[in-house]
Each structure stands twice: as structure tokens, then as C-alpha cells.
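Structural overview
Read off the chains here:
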2 protein chains.
Amino acid sequence: MNQSTVISIESIRVACRYCTLSSLCLPMGLTPEDVERLDDIVKRARPLHRGDVLFREGERFRSLYVVKTGSLKTFAPSCEGGEQVLSFHLPGEIMGLDAIDKGEHACSASALETSAICEIPFARLEELTALIPSLQHQMYRLLSKEIGQDTDMLLLLGKKNAEERLAAFLLSFSQRLHKRGLSATDFHLSMSRHEIGNYLGLAVETVSRLFTRFQDDGLVRVERKHIELLDPQGLEEIIDGASPGRRQAPQRQQQT
Amino acid sequence: MNQSTVISIESIRVACRYCTLSSLCLPMGLTPEDVERLDDIVKRARPLHRGDVLFREGERFRSLYVVKTGSLKTFAPSCEGGEQVLSFHLPGEIMGLDAIDKGEHACSASALETSAICEIPFARLEELTALIPSLQHQMYRLLSKEIGQDTDMLLLLGKKNAEERLAAFLLSFSQRLHKRGLSATDFHLSMSRHEIGNYLGLAVETVSRLFTRFQDDGLVRVERKHIELLDPQGLEEIIDGASPGRRQAPQRQQQT
DNA sequence: CGTTTACTTGACGTTAATCAAGGGGAGTGG
DNA sequence: CCACTCCCCTTGATTAACGTCAAGTAAACG
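Described below are features of the structure shown in this document. Computed from a prediction, not measured in an experiment: that's the story for all the values here.

Remarks on the protein's contact with DNA strand C
Around DNA strand C sit 19 residues, and of these Ser208 and Thr212 of chain A together with Asn161, Ala162 and Thr206 of chain B come closest. Note that a phosphate oxygen of DNA strand C is positioned 3.3 Å from one of the backbone N or O atoms of Ala203 of chain B. Among the secondary structure elements, those contributing two or more residues to the surface near DNA strand C are α6 (193-200) and α7 (204-216) of chain A together with α7 (204-216) of chain B. With four residues, α7 of chain A is the single largest residue contributor to the surface near DNA strand C. Here the residues of the surface near DNA strand C are counted per class, giving three nonpolar, eight polar and eight charged.

As for the protein's contact with DNA strand D
Taken together, 20 residues sit near DNA strand D, with Ala162 and Thr206 of chain A together with Arg193, Arg209 and Thr212 of chain B positioned nearest. Counted by atom, the contact set of DNA strand D within 4 Å of the protein is 67% sugar and phosphate. Measuring from a phosphate oxygen of DNA strand D, one finds a backbone N or O atom of Ala162 of chain A at 2.8 Å. Here a base nitrogen of DNA strand D sits 2.8 Å away from a polar atom, N or O, in the side chain of Arg209 of chain B. When contributions to the surface near DNA strand D are tallied by element, the ones reaching two or more residues are α7 of chain A together with α6 (193-200) and α7 of chain B. Looking at which element gives the most residues to the surface near DNA strand D, the answer is α7 of chain B, with four residues.

Regarding the packing of aromatic side chains
Across all of its chains, the model carries 17 aromatic pairs over all chains by this definition. Ring geometry for Phe169 of chain A and Phe173 of chain A: centres 5.7 Å apart, planes at 40°, overall tilted. Highlighted residues: Phe169 of chain A and Phe173 of chain A, both in helix α5 (residues 162-179), separated by four residues, approximately one helical turn. Neither Phe169 of chain A nor Phe173 of chain A differs from the other in exposure class; each is buried. Connected via pairs of aromatic rings, a cluster forms that spans Phe61, Phe122 and Tyr140 of chain A together with Phe61, Phe122 and Tyr140 of chain B. The residue whose ring lies beneath Lys73 of chain A is Phe75 of chain A, and the NZ or CZ to ring-centre distance is 4.9 Å.

Overview of the interface of chain A and chain B
Listed as interface residues are 60 residues of chain A and, on the opposing side, 59 residues of chain B. Of the roughly 5300 Å² buried at the junction of chain A and chain B (both faces included), carbon and sulfur atoms supply 52%. Counting the contacts that link chain A with chain B gives two salt bridges. With a shortest N-O distance of 3.2 Å, Arg141 of chain A and Asp101 of chain B are connected by a salt bridge. Taken together, chain A and chain B are joined by 20 residue pairs in polar contact (both at pLDDT 80 or more). The set of elements that each furnish at least two residues to the side of chain A that touches chain B consists of β3 (72-77), β4 (83-89), α3 (122-131), α4 (133-159) and α6 of chain A. The element that contributes the greatest number of residues to the side of chain A that touches chain B is α4 of chain A, accounting for 18 residues. Tallied by class, residues from the side of chain A that touches chain B come to 22 nonpolar, 21 polar and 17 charged.

Quick notes on unusual backbone geometry
With glycine set apart, most residues show a phi of negative sign, and most peptide bonds adopt trans. Residues and elements named next belong to chain A. Of note in the backbone geometry, Arg224 takes a positive phi value of approximately 60° without being a glycine. Counting through the fold element by element, Arg224 comes out in the loop between β9 (220-223) and β10 (226-229). Judged by relative accessible area, Arg224 falls into the exposed class, the value being 70%.

Topic: a negative patch on the surface
A surface patch of like charges, here negative, comprises Glu80 of chain A together with Glu236, Glu237 and Asp240 of chain B. Take Asp240 of chain B: it is sitting in the segment after α8 (232-239).

Section: the packing of α3 of chain A against helix α4 (residues 133-159) of chain B
Where α3 of chain A meets α4 of chain B, the axes come as close as 10 Å, and the angle between the chain directions of the two elements is 120°. What the angle tells us is that α3 of chain A and α4 of chain B run oblique. In the packing of α3 of chain A onto α4 of chain B, the handedness of the crossing is right-handed. Here α3 of chain A contributes Phe122, Glu126, Thr129 and Ala130 of chain A to the contact with α4 of chain B, which in turn contributes Gln136, His137 and Tyr140 of chain B. Among the residues making up the contact of α3 of chain A with α4 of chain B, the classes are represented as three nonpolar, three polar and one charged.

Rules of the game
- Residues numbered from 1 in each chain as written.
- Chains lettered and ligands numbered in written order.
- Predicted model: local features only at pLDDT ≥ 70, side-chain atom pairs only at ≥ 80, totals over all residues.
- Heavy atoms only, no water.
- Near = heavy atom within 4 Å.
- Polar contact = N/O pair within 3.5 Å; in protein donor to acceptor, adjacent residues only side chain to side chain.
- Helix = DSSP H or I, 4+ residues; strand = E, 2+ residues; numbered from the N terminus.
- Nonpolar A, V, L, I, M, F, W, Y, C, P; charged D, E, K, R; others polar.
- Phe/Tyr/Trp six-rings, centres within 6.5 Å; stacked < 30°, edge-to-face > 60°.
- Buried < 20%, exposed > 50% of the residue type's maximum accessible area, 1.4 Å probe, protein only.
- Lys NZ or Arg CZ within 6 Å of the ring centre and 35° of its normal.
- Contact = heavy atoms within 4.5 Å.
- Buried area = accessible area lost by both parts, 1.4 Å probe.
- Salt bridge = Lys/Arg side-chain N within 4 Å of Asp/Glu carboxyl O.
- Patch = residues over 30% accessible without salt bridge, like charges linked within 9 Å, V, L, I, M, F, W, Y side chains within 5 Å.
- Areas by Shrake-Rupley, 256 points an atom, 1.4 Å probe, with all protein chains shown as cover.
- Lys, Arg positive; Asp, Glu negative; His and termini not counted.
- Charge placed at Lys NZ, Arg CZ, Asp CG, Glu CD.
- Axes fitted to C-alpha atoms, helices over the stretch in contact; angles between N-to-C directions.
- Parallel < 35°, antiparallel > 145°, perpendicular 65-115°, else oblique.
- Left-handed = near helix turned anticlockwise from the far one by under 90°.

Take a look at the structure:
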């Protein structure tokens, strides 16, 4: 936690532009000067350390946040003091979209490790999107995408068993890292087993047992938080229904 | 299915305006002429009958849809031919927001009963929102709200047991009806037990047993699809953790 | 070096799914 | 209008998956 947190103003600026680009501008038609205008409203990052809270549930909503480096989780209070982990956020991913509606944050966000964040004041972004139609379109897409991701998660929690959930989590994580240019088969989990279980609706013990089982089955190599995917194909097969040597029959479940 | 489906062009038009208002314009600062312009792009409804498909997963995305009367469900294919019911839609509620991102529908929608729908061509809506800042803001809020609802559902599927899920479903349904001016304590469920179970991640049999139990406990009166909430307070208590005469200890679950 | 926290593993219990069977409406055809 | 059928719903018995409880090990931290 030395080099990575000590970053020059200039490098932050460049990185912010990168973040903004990746989340808002990826497949679109902004002119260079549009990007410049967008970049101008992005505030410089404030570095967070493990456990630091970026925003808390109930706080007034002012800005969206983009992860520059590191990772964060968002979570909401459940019944009886419990928490539900809602999502993990990797570099280039945006946070705070759920707060627009009520004007206050619906969940809290905290850093899983040392992280740098870009802040985008929403009021200014909104003004800008009104002026730049393609940026407005990107915002709609961004919000819509978030809905799609939540939908995937609903499907996971509603229909998948423990094994399928963890396999889906690992593959999804792998793919997100790969999208950012990192290794898809060799990575570090910045969250605890507890947080993974919470996110997937499973007990810590179940997550732990599954990691062991996956390793025994030659699907992954697990060493504490270091993960090596040995057989992504095999994980894929687990997700889509029948697990390797076991249940195979088509589930009846559902329909009218 | 006579009077309700035979609707004059004028009444549709008025109803569309109502729909548009309720979903897009509720707490906002549109001038009457803005509303007029918005209303002008809304296409007249096409009536659907039970089982009719409004849009199908994979279809090109062109329009958002607002329920005028009746009710619909959206669902996505799960693994092995199964389906996951993603949401139920009541009058005034909007569908299709998840399709903006990819430009094609991510889920399918079908009518649970005879229903009338308003269609809002998205391209035209987008043009309009670029011209009317307060409308743009409403769109952001609408999308954000959808995310918030999905989040609530994640919490339900991730942390709640069968009893809590059904109680939450009943109360949520009741509140949504109440918002539309209907009775909050006496209503008709347009979906089957199967669809409720699918939506809540439960087996049909479990849903059925819970309805029976809730009735035995004096919480509701159930007669086929007719529901009478006798003790909303009691349902509320079930949702927030401890069920009436049983488990009361604080769940340990979660946290880092 | 001692303490704490995270993770793992085993034994057991509980919840809800699955399997199986029977009742009751709603719609259909006679 | 009645009888039949189909589907939806309900109820009971059994089972499997996963949570819970308990204990022990290994890193991380001060």
C-alpha cells in the first residue's frame, strides 16, 4: 500500500478519464471535446483503505462513483442487524445508481482493499447529458445494464443451488477481471468467504466446503484468497444445470 | 371480459396520459404542454388476453410499455428449459427498461389476465428527454427505482425464509394496489400459485402450505385467488425476522 | 510471541424440495 | 344444463440440501 496509493494529480486525472470512458463512453459517439467536458466534471479521487466507507445508506445523494483501482462492496441492512452484500465493484465499475430515485443512498459502500475512486457530481452530469444526446443514451444504457445485472442475480438466487452459485460467481468474477485486461484464470479475491457467502445467500461453511470440493474435482486451485481456474469449461457446465457426476435429471420446477 | 376490453379511442388516450403521468411524471415539474408532447408520442394500447405475449426475450427493443389495466409477468429462461419469473406488473407500472442496454429484450412479458398496454417508442422518448430536463430527470429516477426494487428482491431471496418471502410478497402487492387507489386489504391475485412460487424461489407446494398456515394463524383469509389481509401488522412482523410463536433468537448470519 | 480473526472440517438438525395422491373449479362438449 | 375433463391447488410422507453448532488450524496483527 505504498506506490499504489501515492499517485500524482496527473495520473489520477488520466485514470479518471479512463474510468469515465470505460463506464460511460465505451461504445459511443462522443467527440474528443465532449469527453473533455465530461472529464472536467470528474473530481479527483480520494484513496480509501480497507473498511473505509465511501457512502452510507441514508446519506444525501450527490455523486456517482467509479472505481479506479482496488475493489468495494455495497451492502444494505437486512432484518435484525444483518447485512446483505449487494455487489462487488471492480475497477471501471460504477456505484450509486440506485440512489438517484430517492435522492439518498439506498445502500452503503465500503472498500475491500486500498482503492481509488472517481467522483462524478450527478447534478453536473445531468446537465451535461441534456446537452450531449449520445451521453444521455450512455446513461440510459448504464442504468439499464445495472437492471440486467440485478436480474441475473435474481435468477441465481431464485433457481440455482449452492454449487451453481459459487461456480457462477467465480466465472463472473473472472470475466470481469478479464474485461479490465487482467488474467481470467489467475486472480485474487479481495473479499472474505463470509462476504462471498453473504452475497450468494449461503453460509460461510458452505462456501468453504464448495471451494474444497471444486479443488478436489480439479476445477480450481484455491490457496486462501488466491484463485486459479483450472477448468472454466467445467464450471460453466456446473452453472447450466447438472453437476458433474451427480444429479442429471431435468428439474421439473415452474411454469403455468 | 366485455366492457373492460371494449374501450373507446378517447378513453385509451386519457388512460395513456394517466399511465404516463403516474410512471414518468409523478413528482415533477413538467408544464402542461410538456405533458402534452409526451402524451403525443404514446401509442394507443393494444389489448392482450391471458397468456398473450407482449414481447419476447431476444426481440429487438423499440418501446417501453406501461400497463393501463390488468397485469403481466416478465420472465427469463433459466437453465434446462425452466423459467424465472422476474416481476409482476400492475397498472401504472413500466416494462422494458432492462432492454435499453443491449437494444434487445432481456426477458419476455406475457399477460396474466386481459390487459391494456400503452406503448412508448423509446427513440422518441429519448429525443423528448433531451429537450425537457425535468423529464430526463424522471427517466433517471425511474431507472434508478427499478434498480432499487431489484435490490429489495435480492435481499428477499438472499436472506429470507419461505414464510418471510410470502409475507413480503403479499404486503408489497397490497401496497402497490393501494397506491393505485384499490383496496389494500381485499384483492385478487391474477397469478397462479406456481408463478408466485417461481417468483419467490419456492416450490408450489410450499406456497400452498404457507397460505394455509397464514390463514390458520388468522393473518389472511384465502379463497382461491381472492385474498383478504386480516392482520397486515402481523405480516409485517413476520417479514422483519421472528415469526409469531416460533424462532425468535437473533440470527447470526453474515458480516465481516 | 500472544491474540485475534479467517478459514476449514465434521456432526447434526431443520427447512423446504420432491414424490405421491386426492379434491375442486372452470371451461368444454354433449 | 349437466357431465366430463383438465388443471390448479392442497395435503401428506419422505428426503436432500444446506444451515447451524462445535471444534480445531492457520494466517494476520499488534
